[in-house]
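Fold and contact review
Read off the chains here:
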Amino acid sequence: MKKNSSILLLLLLLHGCSQPGLKPFGTVPSASQLQWHELEYYMFIHFGPNTFTNVEWGKGNEDPKIFYPTRLDCRQWAATAKQAGMKGIIITAKHHDGFCLWPSKFSTHTVRESLWKNGQGDVLRELSDACREYGLRFGVYLSPWDRNHPAYGTPEYNQIFVNMLEEVLTSYVDVFEQWFDGANGEGPNGKKQVYDWPLFNNTVYKHQPDAIIFSDAGPGCRWVGNENGFAGLTNWNTLNIEKVYPGYPDYHELTEGHEDGTHWVPAECDVSIRPGWFYSPDTDDKVKSLEELVEIYYGSVGRGSNLLLNVPVDRRGLIPKPDSLRLMELAEMIRSSFKENLAERGRVSASSSSGIYKANNLIDNNSRTYWVSADALSEIELAFKEPVTFNRIVLQEGIEFGQRVKAFAVDVWKNDKYEELDRQTTIGYKRILRYTEITTTKIRIRVVDAKAPPVLGEIQLFFVND
Ligand code: FUL
Ligand code: CA
């Protein structure tokens, strides 16, 4: 290659022209949001004084000495998350009771005041080190509602909260997600705080420009509007953020998003493996069943949302056995379900294609290589020489070019003609459809409504032993 042409190629690569000629439509994710979508599944850990007192919302006047895990081991948490197939861990660095899991200079209610490690410990240090060791992303939950801090409810508190945030964002590893709890109750002086969200968000971006900020309104990702682990069957990644704010009363809208939303704010499903968010000995026999967790997986990841599954650490400072065993069962179920993509055995064709974006890109097991239709209404067909038996269909949209599909149908070839099997709405980053066993030689996906010509990354078929 001549020097000039290699420079040209380099420039093209630097400009991200890996998909020449393909233009985004409408609102699209940022580069860090795109990476966030690919994480799909990660762990939430609620841990703090509540772990020792059997309550969900500590009042903030608990004696910090009650925080005394006897065998705390963050490497056990990280090893469990890794083996569970999760991509990261988000920890409650400070819950509503105000207790800080790190020795904050801006509070007198922290691990420093506890007996754990004679007040010399730092849970965030140990967890961030463990995440690095196990190749997991590290995220932090911080509640601005603080039932302990004497300044809560006064204008000074917002800056104190920012100072705490800065400690957390600058002392450890990179933070992939900053989880802001929107709860806004009264503090020790009976007053509520008026939160300065622009200040909080700017502080995050100043120190961790690639972090995804979670709240009811994003701006990085949004609460899904329930704590059951289910996104809407229709799930738009877009939201009108001038309308929504933390504490937004019409939060049921967050389950589906806003079809023509102005900003990319995808849904994240937070749900606990137990009835409560914090550990309690009363729930040792109430860990969700494998069947419930499988439903949650299909209801979240299967509907184009991310799954943040809470696994509370116990009074020893370990993930209890019933929870870790269940996580391993779920991991095995997911691994075995999506092992062999049967679509690879077939031939794929499309009603039309645009430029180099041919239908073959749909069955190469790479979600970042695309088929692009020339028309909004379009169809793809998978045809097999021998009949195939499947009960799952996975579809992925090339969301870096916008969320385009509004509705689609699934047709199955039966008695020498197509029969409509299903009709659904959005696809998004990933859509997993579940059916009872189907044996056929042809299936067809018909896009019946779209904002623009569809850009699809994959169509995959699987057979799962239900
Ligand atoms: C809520 C909190 O009030 C719960 O305690 C829990 O942390 C949950 C994830 O968010 O707003
Ligand atoms: Ca592909």
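Residues numbered from 1 in each chain as written. Chains lettered and ligands numbered in written order. Predicted model: local features only at pLDDT ≥ 70, side-chain atom pairs only at ≥ 80, totals over all residues. Heavy atoms only, no water.

**Overview of helix α7 (residues 197-207)**
As a reminder, the rule being used: Think of it in three bands: with a 1.4 Å probe and only protein chains considered, a residue is buried below 20% of the maximum accessible area for its type, exposed above 50%, and partly exposed in between. Helix and strand definitions here come from DSSP, where helices need a minimum of 4 consecutive H or I residues and strands a minimum of 2 consecutive E residues; each element is numbered from the N-terminal end. Picture the helix axis, draw a direction to every C-beta atom, and the arc is the one those directions span. The contact definition used throughout considers only heavy atoms, calling two residues in contact when any of these lie within 4.5 Å.
Of all the residues in α7, the buried ones are W197, F200, N201, T203 and V204. All buried residues of α7 fall inside an arc of 155° around its axis, so they share one side. What points out from α7, more than 90 degrees from its buried face, is the exposed set P198, N202 and K206. Among the structural elements, α6 (156-170), β4 (175-180) and β5 (212-215) are those in contact with the buried residues of α7.

**Some details on the nonpolar core**
Basically, it comes down to this: As used in this record, nonpolar core signifies buried Ala, Val, Leu, Ile, Met, Phe, Trp, Tyr and Cys residues forming a set joined through side-chain atoms within 4.5 Å. Each domain span listed reflects an automatic or database assignment of domains.
Core analysis: the biggest nonpolar cluster contains 74 residues, and F47, W77, I91 and F138 have the highest contact counts within it. The greatest single-element share of this core, amounting to 8 residues, is contributed by α6. Looking at this core, you find at least three residues from each of domain 1 (24-337) and domain 2 (342-462). Counting residues in each nonpolar core, the second largest holds 29 residues, with A359, F408, A450 and I459 among its members.

**A word on the site of ligand 1**
For clarity, the threshold we go by: We call a residue near a molecule or strand whenever a single non-hydrogen atom of that residue lies within 4 Å of it. Polar contacts, as counted here, are pairs of nitrogen or oxygen atoms within 3.5 Å of one another; within protein the pair requires one atom able to donate a hydrogen and one able to accept it, and residues that are adjacent in sequence qualify only if both atoms are side-chain atoms. Here the nonpolar group is Ala, Val, Leu, Ile, Met, Phe, Trp, Tyr, Cys and Pro; Asp, Glu, Lys and Arg are the charged ones; every other residue, Gly included, is treated as polar.
The immediate surroundings of ligand 1 are formed by F44, H46, W57, H95, H96, Y141, W179, D181, E227, D270 and W277. A distance of 3.4 Å separates an oxygen atom of ligand 1 from a polar side-chain atom of Y141. Taking D181, its side chain carries an N or O atom lying 2.8 Å from an oxygen atom of ligand 1. Split into classes, the residues belonging to the shell around ligand 1 amount to 5 nonpolar, 3 polar and 3 charged.

**Details of the coordination of the calcium ion (ligand 2)**
Heads up, the condition is: Each metal's donors are the N, O and S atoms found within 2.8 Å of it, except that Na, K and Ca use a 3.2 Å limit; water is left out, so coordination can look incomplete.
Coordination of the calcium ion (ligand 2) by the protein is provided by N361 (O), D364 (OD), N366 (O), T369 (O), T369 (OG1), G457 (O) and E458 (OE), with metal-donor distances spanning 2.2 to 2.6 Å. Read in sequence order, the donor residues for the calcium ion (ligand 2) give the motif N-x2-D-x1-N-x2-T-x87-G-E.

**A few points about the packing of helix α4 (residues 74-83) against helix α5 (residues 123-134)**
So the rule is basically this: Note on method: axes are straight lines fitted to C-alpha atoms, helices fitted across the in-contact stretch only, with angles between N-to-C directions ranging 0 to 180 degrees. Note that the term roughly parallel is reserved for angles under 35 degrees, roughly antiparallel for angles over 145, roughly perpendicular for angles of 65 to 115, and oblique for everything else. If you view the pair so one helix is near and one far, a crossing is left-handed when the near helix is turned anticlockwise from the far one by less than a right angle, and right-handed when it is turned clockwise.
Where α4 meets α5, the axes come as close as 8 Å, and the angle between the chain directions of the two elements is 40°. Taken together, the axis directions place α4 and α5 in an arrangement best described as oblique. Once α4 is placed against α5, the crossing between them reads as right-handed. Note on element contacts: α5 touches α4 through V123, E126, L127, A130, E133 and Y134, opposite C74, R75, W77, A78, A79 and K82. Among the residues forming the contact of α4 with α5, the class breakdown is 8 nonpolar, no polar and 4 charged.

**Concerning the sheet that holds strand β6 (residues 221-223)**
Put simply, the rule reads: What makes two strands pair is DSSP finding at least two bridges between them.
Spatial strand order, β1-β2-β3-β4-β5-β6-β9-β10: 8 strands in a closed barrel with parallel pairing. Strand after strand, the sheet turns through a mean of 25° between neighbouring axes, direction not considered. The sheet contact formed by strand β1 (residues 41-45) and strand β2 (residues 88-94) spans 3 bridges and is parallel. By the bridge assignment for β2, M43 is matched with I89. With respect to the sheet, α7 is in contact with β4 and β5, its orientation differing from that of β4 by roughly 165°.

**Some details on the environment of V348**
Mapped onto the elements, V348 comes out in strand β11 (residues 347-350). When residues no more than four places from it in sequence are discounted, the contact partners of V348 are A359, N360, L362, I363, E381 and L382.

**A few points about the packing of aromatic side chains**
Convention followed: Pairing of aromatic rings covers Phe, Tyr and Trp, the last counted by its six-membered ring, and requires centre-to-centre distances within 6.5 Å; plane angles under 30 degrees mean stacked, over 60 mean edge-to-face, and any other angle means tilted.
Within the structure shown, the criterion is met by 29 aromatic pairs. Summarising the aromatic geometry, the rings of Y195 and W197 are spaced 5.5 Å apart at their centres and angled 80° between planes, so their arrangement reads as edge-to-face. For the pair Y195 and W197, a shared accessibility class is recorded, and that class is buried. Each ring, one from Y298 and one from F338, has its centre 6.4 Å from the other, and the planes form 55°; the classification is tilted.

**Topic: unusual backbone geometry**
Look at the link from G218 to P219: it is a cis peptide, with omega at 15°. Here P219 is to be found in the loop between β5 and β6. At N365, a residue that is not glycine, the phi angle is positive and equals roughly 60°. Here N365 is to be found in the loop between β11 and β12 (371-372). Among the residues examined, N365 registers a relative accessible area of 42% and is labelled partly exposed.

**Quick look at the pattern of salt bridges**
Filter applied, for reference: Think of a salt bridge as a Lys or Arg side-chain nitrogen and an Asp or Glu carboxyl oxygen that are within 4 Å of each other.
Following the criterion strictly, the structure yields 27 salt bridges and no others. Here K406 and E259 are joined by a salt bridge, their closest N and O atoms 3.1 Å apart. Separated by 147 residues along the polypeptide, K406 in strand β14 (residues 405-414) and E259 in the loop between β7 (238-239) and β8 (263-264) bring together distant segments of the chain. When its relative accessible area of 26% is taken as the criterion, K406 is described as partly exposed. Note that R335 and E332 form a salt bridge whose closest N and O atoms lie 3.9 Å from each other. Highlighted residues: R335 and E332, both in helix α9 (residues 321-337), separated by 3 residues, approximately one helical turn. Classification of R335 by relative accessible area gives partly exposed; the value is 48%. One continuous salt-bridge network, built from bridges that share partners, spans E379, D411, E420, R423, R444 and R446.

**Considerations on the domain arrangement of the protein chain**
Test applied: Buried area: the sum, over both parts, of the accessible surface (1.4 Å probe) that disappears when the two are put together.
Domain boundaries assigned for the protein chain yield domain 1 (24-337) and domain 2 (342-462). Here the C-alpha centre of domain 2 lies 35 Å away from the C-alpha centre of domain 1. Contacts between the two partners involve 25 residues from domain 1, matched on the other side by 22 residues from domain 2. Summed over both sides, the interface of domain 1 with domain 2 buries roughly 2,200 Å², with 52% coming from carbon and sulfur. Together, F25, W236 and Y298 form the three largest contributors to the area buried by domain 1 at its contact with domain 2, with a combined 28%. In this assembly, domain 1 and domain 2 are joined by 5 salt bridges. Here domain 1 and domain 2 share 15 residue pairs in polar contact (both at pLDDT 80 or more) between them. Grouping the constituent residues of the side of domain 1 that touches domain 2 by class yields 11 nonpolar, 8 polar and 6 charged.

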